[in-house]
Amino acid sequence: MHLLTLSTVTADRMPAARLMVNRGADRVSGRLWFHADAESPKVAELRTSPYACVVGYDPSEGIELRVMGSAVVHTRGHVADRHWGQFANIATWMIGSPEARPSGPYATDLRLPPDPDKLMHGLTARSRERFAVVEVVAETIDWLQAAGSDQKRAVLRRSGHWRAEVVG
Ligand SMILES: Cc1cc2nc3c(=O)[nH]c(=O)nc-3n(C[C@H](O)[C@H](O)[C@H](O)COP(=O)(O)O)c2cc1C
């Protein structure tokens, strides 16, 4: 589940959703991380309404996950610095070995220029200024496995110490 849908609420209280590459997850703290442009609508939405729903699908197991929780936008501090370091390392690695650059939709990083010769331009002070990390703090995980006519569903809650409660 590398490519996820991140849903937010607009200032007009309308739903908004978009595909995002997942940049990390921590099962202990129940957090997910995404990288975004600090001036993008999604970041503005999360600053006004700090709630998110993240949806993913694993076709090999037929599992849908819906993660609901709060969201924090980091543009400075150790979370932003750590993720910027990760982003800069990937870009630097790709500059060194452009032929090793991964291809396909899961490798998409819209902040990196497609031409490897222009990768350095992705690492300027201005791009660091506009770099934001969206941190989703999960409160509830809705788990659904649909294989053929068989469906299994469970809800896991932070308040329930992530114990799976079978639904239906
Ligand atoms: C395969 C794919 C991966 C994407 N990954 C990201 C991402 O990691 N971060 C991001 O900000 N936008 C990503 N996008 C673009 C978003 O889906 C969205 O179009 C864009 O960020 C603008 O969203 P907004 O107007 O709601 O802020 C991706 C798009 C595609 C098609």
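Just so you know, the residues in each chain are numbered from 1, in the order the chain's sequence is written. Reporting of local features is limited, given that this is a predicted model, to residues whose pLDDT is at least 70; pairs of side-chain atoms are given and counted only at 80 or more, and all residues count toward the totals for whole chains, interfaces and linings. Hydrogens are left out, water is left out, and the side-chain values use all remaining heavy atoms of the structure.

Colleague: Whenever I open this one, the site of the ligand confuses me. Can you help?
Modeller: Near the ligand you find 13 residues, and of these Arg18, Leu19, Val21, His35 and Lys42 are the closest. Residues adjacent in sequence count toward polar contacts only when both atoms are side-chain atoms; beyond that, a polar contact is any pair of N or O atoms within 3.5 Å, and within protein one must be able to donate a hydrogen and the other to accept it. Measuring from an oxygen atom of the ligand, one finds a backbone N or O atom of Leu19 at 2.7 Å. The contact in question runs from an oxygen atom of the ligand to an N or O atom on the backbone of Pro41, over 3.5 Å. Residue-level accessible areas treat just the shown protein chains as cover; the underlying method is Shrake-Rupley with a 1.4 Å probe. Summarising the interface, the protein chains cover 70% of the accessible area of the ligand, which totals 620 Å² for the free molecule. Under the DSSP-based scheme used, a helix requires at least four consecutive residues in state H or I and a strand at least two consecutive residues in state E, with every element numbered from the N terminus. Top contributing element to the shell around the ligand by residue count: strand β2 (residues 15–26), with five residues. All amino acids are sorted into three groups, where Ala, Val, Leu, Ile, Met, Phe, Trp, Tyr, Cys and Pro are nonpolar, Asp, Glu, Lys and Arg are charged, and the leftover types, Gly among them, are polar. The residue makeup of the shell around the ligand, split by class, is eight nonpolar, two polar and three charged. It suffices for a single heavy atom of a residue to lie within 4 Å of a molecule or strand for the residue to be listed as near it.

Colleague: Please explain the nonpolar core as it appears in this structure.
Modeller: Most often, soluble globular proteins have nonpolar side chains that are buried together. We define a nonpolar core as any set of buried Ala, Val, Leu, Ile, Met, Phe, Trp, Tyr and Cys residues linked to one another through side-chain atoms lying within 4.5 Å. Relative accessibility thresholds used throughout: buried, under 20% of the residue-type maximum; exposed, over 50%; partly exposed, between the two (1.4 Å probe, protein chains only). Counting 18 residues, the largest nonpolar core has Leu6, Phe34, Val54 and Val136 as the members making the most contacts within it. Secondary-structure elements contributing two or more residues to this core are β1 (3–9), β3 (31–37), α1 (41–48), β4 (51–58), β5 (63–74) and β6 (131–147). Residue contributions to this core peak at four residues, all from β6. Contacts: residue pairs with any heavy atoms within 4.5 Å of one another. Every residue in contact with Val54, bar those within four places of it in the chain, is listed here: Leu4, Thr5, Leu6, Leu32, Phe34, Leu65, Arg66, Val67 and Val136.

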